[in-house]
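Here are the chains, one letter per residue:
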Amino acid sequence: MSDRPNWFVPTGLAVIALVAAATAAGSVGLGLHGPALTATLGLAGYAVVGLLFLLWHDAPVRVTAGLVLLLSLMSTVIHHADPDGPVVGLYLAMAFAPLRMPRRVAALACTAGVVIFGAGLFLAEPDAPLFALVVAGGAALFFLLGTLLHTERALRARADHLLVELELSREAERAAAAVGERARLARELHDVLAHSLSGLVVHLDGLRMVAKAGGDPELADALTRAHALARDGLDEARQAVSALRGQPTIGPSALPVLLQAHRASATGECLLTESGEPAEVSAETGLALYRAAQEALSNVRKHQSGADLQLHVDWQIDHVVLTVTSLGGDTSASARSTPGFGLTGMAERAVLLGGAAETGPVHADGRSGFRVRVRLPLDRAAVLAE
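Keep in mind it's a predicted model, so treat the numbers as computed, not measured.

The rules behind these values
- Residues numbered from 1 in each chain as written.
- Predicted model: local features only at pLDDT ≥ 70, side-chain atom pairs only at ≥ 80, totals over all residues.
- Heavy atoms only, no water.
- Helix = DSSP H or I, 4+ residues; strand = E, 2+ residues; numbered from the N terminus.
- Buried < 20%, exposed > 50% of the residue type's maximum accessible area, 1.4 Å probe, protein only.
- Contact = heavy atoms within 4.5 Å.
- Expected span 1.5 Å × (residues − 1).
- Pairing = 2+ DSSP bridges.

(A) Region of interest: the environment of glycine 355. Mapping glycine 355 onto the fold places it in the loop between helix H11 (342-352) and strand E4 (356-364). Judged by relative accessible area, glycine 355 falls into the buried class, the value being 19%. Considered as a pair, glycine 355 and leucine 378 are 23 residues apart in the sequence and their alpha carbons are 9.7 Å apart. Setting aside residues up to four positions removed in sequence, glycine 355 forms contacts with Ala350, Arg375, Leu376 and Pro377.

(B) Representation of helix H9 (residues 283-303) in the model. For H9, built from 21 residues, the straight-helix expectation of 30 Å at 1.5 Å per residue is met to within 8% by its first-to-last C-alpha distance of 30 Å. Summarising burial for H9: 16 of the 21 residues are buried, a large majority.

(C) Main features of the pairing of strand E3 (residues 319-327). With eight of nine residues buried, E3 lies mostly within the body of the structure. Note: strand E2 (residues 308-315) against E3, eight bridges, orientation antiparallel. Bridge pairing in E3 links histidine 312 to threonine 323. In sequence, E2 turns back onto E3 through a hairpin of three residues. Here E3 runs beside strand E5 (residues 367-377); their pairing, made up of nine bridges, is antiparallel.

Right under this line is the structure:
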C-alpha cells in the first residue's frame, strides 16, 4: 500500500534482524551441517521473503497473502531446526498483514500461517497442543494490534478528508457570500448611479438642443462635452454592473479605443505597443488592466497636459505587465489639484488579484515624467472556467 505508515519498514527490518540474531545465538546456531544448515536455510528464506513483504508495497493481494504464508513456513522451518528458537518471526506477518490486505483476506492468511506453524510444532514438540495454543493466542494478539493500527490510520485519513471537505465548504460559503454581496452592489449601482446618470444624459441632451436653437454655440459645445462625459459615465456604470454580475467586461482589446479617446483630448504623442504572445485573461484581470490604463491616462490629462505618452503591454508566460510612461507636458496644474484615490484603488485592485502596482517619477530623454506599471497574473484556469 502506498499509504503505509512511516514506521512500517524500519520496524519490520528490526524484527528480521532480531530473528537473525536470536537464531544465530540459539543452541543450534547457524552452520552447514544438520539442524544448523536447516536453521541457516530457513533464516535466509525468511529474510528474503520478509524483505519482499516489507518493500513490495504495491504487490497484488494474492502475492501479499502468499508472502504471509511463506513467512509462516520459514518461521516453522527455523523453529523446527531449533525448538528453543524465536517465535517472533511468525508474529511479524500476523501484525503487519492487516496493514497490507483487506481484513478478511488477512485473517484467512494469518489463520493458515498459524496452522502451518502449529503443524510444525506437532512434529517436533512433545507438549505441542499447549505450545500451539500459546502461539495461536500470541498470533491473535498481534493480529488484533495490526487491525487496531489499520483502523486508527483509516480514521485519521477520514478525519483529514473531512477537514478538507470542511475547508472546501467554507470556501464555497465565502464564495457564495461574495457573489451575494456583488449582486447587492450591482443592484445598488444600477438603481442609483445608473438611473441618475441616465436622467442626467437625457437632460443634458435636451439642454444642448435648446442651446443650439437659441444660437449660443459656446454653451452648446459645453453641454455637448458634458453630455459626452455623462454618457461615458453611464457606459462605465453599466460595465461595472456587468463585472459585478460576472458577465464579460471590457479588457485589453479595448485599449486601442481608450487610447484613441485620449488622443482626441491630448496634444502630445500617444503610442501603444505590445510584446509577447497575447493570451486570454479572466474578466476581473481584463477589467483591472483596462481600469489601470484608464486611470493612468486620466492622470496624464489632469497633471501632465501635453505630455508624450507610451502604453506598453508585455505578455509573459504567467503574467501580463502594463506600463504607462508619460514624459514632459505641463505640470503646473498638478500643484493646484487635490490628491485623489485613483492610484490607491488601482494598486488595491492589483493586489486582490495576486499582482502588484508600481508608480513613481521617471526621467528619460532629458525629460521628467511619471510611470505606472501594473503586473497581473494570468489565471488560465479561471479563463477556461468562464
